[in-house]
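# Reading the structure
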Amino acid sequence: MAAHLSYGRVNLNVLREAVRRELREFLDKCAGSKAIVWDEYLTGPFGLIAQYSLLKEHEVEKMFTLKGNRLPAADVKNIIFFVRPRLELMDIIAENVLSEDRRGPARDFHILFVPRRSLLCEQRLKDLGVLGSFIHREEYSLDLIPFDGDLLSMESESAFKECYLEGDQTSLYHAAKGLMTLQALYGTIPQIFGKGECARQVANMMIRMKREFTGSQNSIFPVFDNLLLLDRNVDLLTPLATQLTYEGLIDEIYGIQNSYVKLPPEKFAPKKQGDGGKDLPTEAKKLQLNSAEELYAEIRDKNFNAVGSVLSKKAKVISAAFEERHNAKTVGEIKQFVSQLPHMQAARGSLANHTSIAELIKDVTTSEDFFDKLTVEQEFMSGIDTDKVNNYIEDCIAQKHPLIKVLRLVCLQSVCNSGLKQKVLDYYKREILQTYGYEHILTLHNLEKAGLLKPQPGGRNNYPTIRKTLRLWMDDVNEQNPTDISYVYSGYAPLSVRLAQLLSRPGWRSIEEVLRILPGPHFEERQPLPTGLQKKRQPGENRVTLIFFLGGVTFAEIAALRFLSQLEDGGTEYVIATTKLMNGTSWIEALMERPF
Amino acid sequence: MDCYTANWNPLGDSAFYRKYELYSMDWDLKEELRDCLVAAAPYGGPIALLRNPWRKEKTASMRPVLDIYSASGMPLASLLWKSGPVVSLGWSAEEELLCVQEDGAVLVYGLHGDFRRHFSMGNEVLQNRVLDARIFHTEFGSGVAILTGAHRFTLSANVGDLKLRRMPEVPGLQSAPSCWTTLCQDRVAQILLAVGPDLYLLDHAACSAVTPPGLAPGVSSFLQMAVSFTYRHLALFTDTGYIWMGTASLKEKLCEFNCNIRAPPKQMVWCSRPRSKERAVVVAWERRLMVVGDAPESIQFVLDEDSYLVPELDGVRIFSRSTHEFLHEVPVASEEIFKIASMAPGALLLEAQKEYEKESQKADEYLREIQELGQLTQAVQQCIEAAGHEHQPDMQKSLLRAASFGKCFLDRFPPDSFVHMCQDLRVLNAVRDYHIGIPLTYRKYRYKQLTIQVLLDRLVLRRLYPLAIQICEYLRLPEVQGVSRILAHWACYKVQQKDVSDEDVARAINQKLGDTPGVSYSDIAARAYGCGRTELAIKLLEYEPRSGEQVPLLLKMKRSKLALSKAIESGDTDLVFTVLLHLKNELNRGDFFMTLRNQPMALSLYRQFCKHQELETLKDLYNQDDNHQELGSFHIRASYAAEERIEGRVAALQTAADAFYKAKNEFAAKATEDQMRLLRLQRRLEDELGGQFLDLSLHDTATTLILGGHNKRAEQLARDFRIPDKRLWWLKLTALADLEDWEELEKFSKSKKSPIGYLPFVEICMKQHNKYEAKKYASRVGPEQKVKALLLVGDVAQAADVAIEHRNEAELSLVLSHCTGATDGATADKIQRARAQAQKK
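Residues numbered from 1 in each chain as written. Chains lettered and ligands numbered in written order. Predicted model: local features only at pLDDT ≥ 70, side-chain atom pairs only at ≥ 80, totals over all residues. Heavy atoms only, no water.

## As for the nonpolar core
Burial of nonpolar side chains together is a common tendency in soluble globular proteins. With 223 residues, the main nonpolar core has Leu23, Phe82, Leu229, Leu452, Leu499 and Phe548 of chain A as its most contacted residues. Broken down by element, this core gets its largest block of residues, 10 residues, from helix α16 (residues 403-416) of chain A. Every residue in contact with Leu452 of chain A, bar those within four places of it in the chain, is listed here: Leu236, Leu240, Cys411, Ser414, Val415, Leu447, Trp587, Ile588 and Leu591 of chain A. Of all hydrophobic cores here, the second largest spans 131 residues; its members include Ala379, Ile438, Tyr465 and Ala602 of chain B. (Core = buried A, V, L, I, M, F, W, Y, C linked by side-chain atoms within 4.5 Å. Buried < 20%, exposed > 50% of the residue type's maximum accessible area, 1.4 Å probe, protein only. Helix = DSSP H or I, 4+ residues; strand = E, 2+ residues; numbered from the N terminus. Contact = heavy atoms within 4.5 Å.)

Structure (structure tokens):
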């Protein structure tokens, strides 16, 4: 059912099955028919773990969205609330329960906290006088959700903001817990590397938790060789730049949510019937994007400029395959052809979809404004004119382009210049406040707190040093047949991925100086293994590194890491984990504050 | 060998019973057993004696004494009975002593005479007093059944989860039943009682008269009844000296026996073995012991002393002042091997091994004989099994040696059974030692109810920690189930030793336990706290790695600040919150804030909490920290959230601006002042011009003004707020184009040289599909953007000319890409020619 999770070096289906089992066990505890009341935020992530059919098998008959007042009527024995442990949600639940009691037959209430039970919330329920109404109050430790064969995410939108702005480490604690779950299933990870304040804390928590769990020592042969914990604020630059891989662009333009994307329907109108445009679909076309789809797996991580040729090649192959039917003479041949038909039809459907998507994207990428924006981004990243007010940004503000676009560019410039000159910074800020409204002063404060926007300290610009040492800007990029990770941004090599690459070879000792410039400590920890579990590496066998982005990761970075995994002499394969799959827009969006 | 079966007594044709000594009792009793209330726990458990139970005098010397001994008679505890008169004693499955008092109160004591708790059997029992009581065991736990003075029964099937059940009345019952017992059928506890010649069965719903099938006639009264260990069988002893044996359901008779003794027996218990077909009952009188079963003859023993019978799963224990014996049916394997002249494979193998040790060739003969019959595997198995049933280590050894010898001649004999038997016997021999005094048989040890865990628990209950640990280590049990659990128990016991100082106890415990996985220091600490040793508990909690366990206990002990730092260490924010809310209630506000101040992580969490729950507190927190920047932001938010009126909003903004000044954030302060200015202005505009201005951005305010035709005001606004020229031009351009006020736009374009060039003019006109206007501006576009402008207005030919003139390759290709085959053919050719020329040069 989720076969694509088991394709990679590490079979993430094991994790999925484990969490599914846990869910089933909980559902079976509440005997009889059930209705689930959902914290709306959870439905997306849950969809990746369990479809409705699984719930139905366990007598879930109704599903509602959590909201105030009364629950909708449902003739069920159990009402189960699936919620994140948030106080405001507890208030709503209490309201539901209290208005429920007054009518109809008594029903059993249960509550499932995702991912963790909270004393604070239970205290709130107690204060509201409903704690006793719940028969089962349990937690469902859904920390890391498998998205693909090499990708896990906590889908915690606010993680970056909480960690870096608000000093709230809850998501780091969950991350550490998630890593413990992974280690319980895939063995202790012998080496932990990290860079950044949050990385340090997660590592500390893991070591501490390991001590707590001693005794339940697992004796699983370790699947992961290394864990690399990276703070997002070590590399604030990468997410700000526009991703140029196929998947990255889909995300930039349409936004991928829990592996689904909603696209304008026009391009997907069925073309078969000749009576053109009878009823064009009005509902957005929803597509799931993951490596279960063969074609998508092939093109998702390519630079968009290399996608077209693959698509046309594929088109030829498929039509040739369909032509085969004319050559099929014997019954046996025809039979063989027919047996391949479903697969071919799926391939054709997939090709049609991606051709349409590519066309949609092309419309955007060939526009002049996209070109101008990209030019400015690339100038900044290669270190050109980062210290003065940029004309394009100025024009964008004057024309009231979307604020997020402007903020992304200004932040990018600030990061590429290790902060802006006070005069330049104040100018941008004034322009933004005057054009978009003074309320955005709160957003600007947030960006400053997160270090995305700042005055240059002491007039020193460290970025060129970092850029040169880490070779962040590559002039000769081969978009079609890449030789370096810089292809994902057509020139810029994502800093985060470069750090991972250098860690695996030749090691961080070679870049101590740059590491000192980047924020937060860098460290290495070893988790001793019992001798029986120590790995004897076969010659030529790659290491497996779990890389955890604390604060979010972009699809372009993922693509770059996949590129490194595929390198023949790379020596390391990566499994990627993150608090959130994101892009510059969703990232800035989460940092914005709108007081009204 | 012939003497080995000397204590075997045949019962009928198929079974032997043997009685052997477990211990000679060490207890040096002064009284006769008959003068005491006696209770012995099953599975080789302890023995409790209550001396002088029936003395009513209150003099101290005559007070009853409760003694507890191990099965070998080692004293475990002795205490003066100071409570009310006891009717009955009994042991629970957890080896707790239940003492049922006449008033229906049940007092529960530990193995070492430590008082645990008490409960009452209800008001009815209290009023009518207890006439008789039984403690019984079912698979759900230990129950108490009580016969009251009103001849009614009350029972609780599980004292761990006390639910009292009053049984239905027996119609017309005037006197106490002659005998009664508890049964357990279909998971329900029942009571069977005998009144004269009648039997009644009570369950929780009804009382029904029952008749045992095939009961001999002439019975006028039942003197004793006995139910088997597993509640499957029932035996009835009548006043005619006749014994009926059948199923406990009273549906089937198994056998009967007439012993011709009419005296009521002192005790009657079943003596059977799981999975054995033999049924036998042991009946004891003052000086006589009789084993009867499905055979015309019985086995008789003489009792030299006053004795007491303890039914066991696989036999009967019999103890008296001087000895403790075990009577049971000889197991099949032992019978096969040891029966006189047995030719069973096991018997031959044992012989063979003996001869082998004597270096006699007969060994070979025996072995051959077994092998020829192909029974060597069976022989080895028999020897292993028989070893398990032997009490004497010597005999166990010779049987195991024989098995080991036989194994040598077998190719693939799985070693497990042999290894396990050796291990089990070592464990059993260790606990059977009279110092320990747990006479477990192999059968009991391996029976489903008594696992190694239970055995370890029993050792722990007896405070035999070292032995328990040795057993764990010997059996290589996982630490969590084994050693650490025992150490934890030891530690819990240790903290109760009040004469040792806190430091010493904590050190001793940590030395022994160290980081042993699975030891819960918090459990131990909780125990210490329970004994009133808070300091010790805190010291112990230091060793607890799980904050989730540490913190709640610290809170309970009112060490909230310590709890806070522990919670922070763990990184578990929920835990931190919990402590914070606790602290908030516990401390006064000032102290609470001070505590927060020293804990930045807690402080930021609490701020988050306040942001959503207590905004005012948030302000106080910022104030306390002189965090003016955040205070500024706080008031900005407040200006939107709370205030409806302009004056209120402006006032809030003023506070914000002041805070920003204090924070030395000049920019934010100025911006906020600008915002105030704008708000006031917008208000004035609304008053003067009507329409919606409030909360528009400055930019949008200007745009709205232009759209409303108030150009002057817009320009004034731009001057007042120093809108940069470039942006003002964009703004005006966009607004005028939106208005399609082309005249004004042209005027504007000529007002001075455009700071943004003229391409935007072209673009914006084209956006409004006004090619005519666009063309006007195209001519004014500077040379760099000329081609672009011309292409925008669709003048491909002229664009080509300019591009050729510029000799710019990029521009040339741009133009070329705009050439459509039909109309621009000539232009395209022209460009190609120009290119060709350029290349030539």
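## Overview of the sheet that holds strand β28 (residues 315-319) of chain B
Residues and elements named next belong to chain B. One open sheet accounts for five strands, arranged β1-β2-β29-β28-β27; its pairing is antiparallel. Strands with a single pairing partner mark the edges of an open sheet, and in this sheet they are β1 (8-11) and β27 (308-312). Shown here is a sheet whose adjacent strand axes are inclined to one another by a mean of 25 degrees, direction ignored. (Pairing = 2+ DSSP bridges. Axes fitted to C-alpha atoms, helices over the stretch in contact; angles between N-to-C directions.)

## Digging into the confidence of the model for chain B
Taken as a whole, chain B shows an average pLDDT of 87; of its residues, 97% reach a score of 70 or greater. With a pTM of 0.75, the predicted complex shows an ipTM of 0.90. (pLDDT = per-residue confidence, 0-100.)

## Regarding the packing of α16 of chain A against helix α23 (residues 584-591) of chain A
Residues and elements named next belong to chain A. Where α16 meets α23, the closest approach of the two axes is 10 Å, and the angle between their N-to-C directions is 100 degrees. Of the possible angle classes, the one that applies to α16 and α23 is roughly perpendicular. Contacts between α16 and α23 involve Ile404, Leu407, Arg408 and Cys411 from the former and Gly584, Thr585, Ile588 and Glu589 from the latter. Of the residues assigned to the contact of α16 with α23, the class counts are four nonpolar, two polar and two charged. (Parallel < 35°, antiparallel > 145°, perpendicular 65-115°, else oblique. Nonpolar A, V, L, I, M, F, W, Y, C, P; charged D, E, K, R; others polar.)

## What to know about the packing of aromatic side chains
All names here are of chain B. Applying the stated criterion across every chain yields a total of 39 aromatic pairs over all chains. A centroid spacing of 5.1 Å and a plane angle of 85 degrees characterise the contact between Phe592 and Tyr606, whose relative ring orientation is edge-to-face. One end of the pair, Phe592, is in helix α18 (residues 589-597); the other, Tyr606, is in helix α19 (residues 600-613), and 14 residues separate them in sequence. In this structure, Phe592 and Tyr606 share a single accessibility class: buried. Here the aromatic rings of Trp729 and Phe761 are separated by 6.2 Å at their centres, their planes lie at 70 degrees, and the arrangement is edge-to-face. Residue Trp729 is located in helix α26 (residues 725-739), and its partner Phe761 is located in helix α28 (residues 759-767); the two are separated by 32 residues in the primary sequence. (Phe/Tyr/Trp six-rings, centres within 6.5 Å; stacked < 30°, edge-to-face > 60°.)

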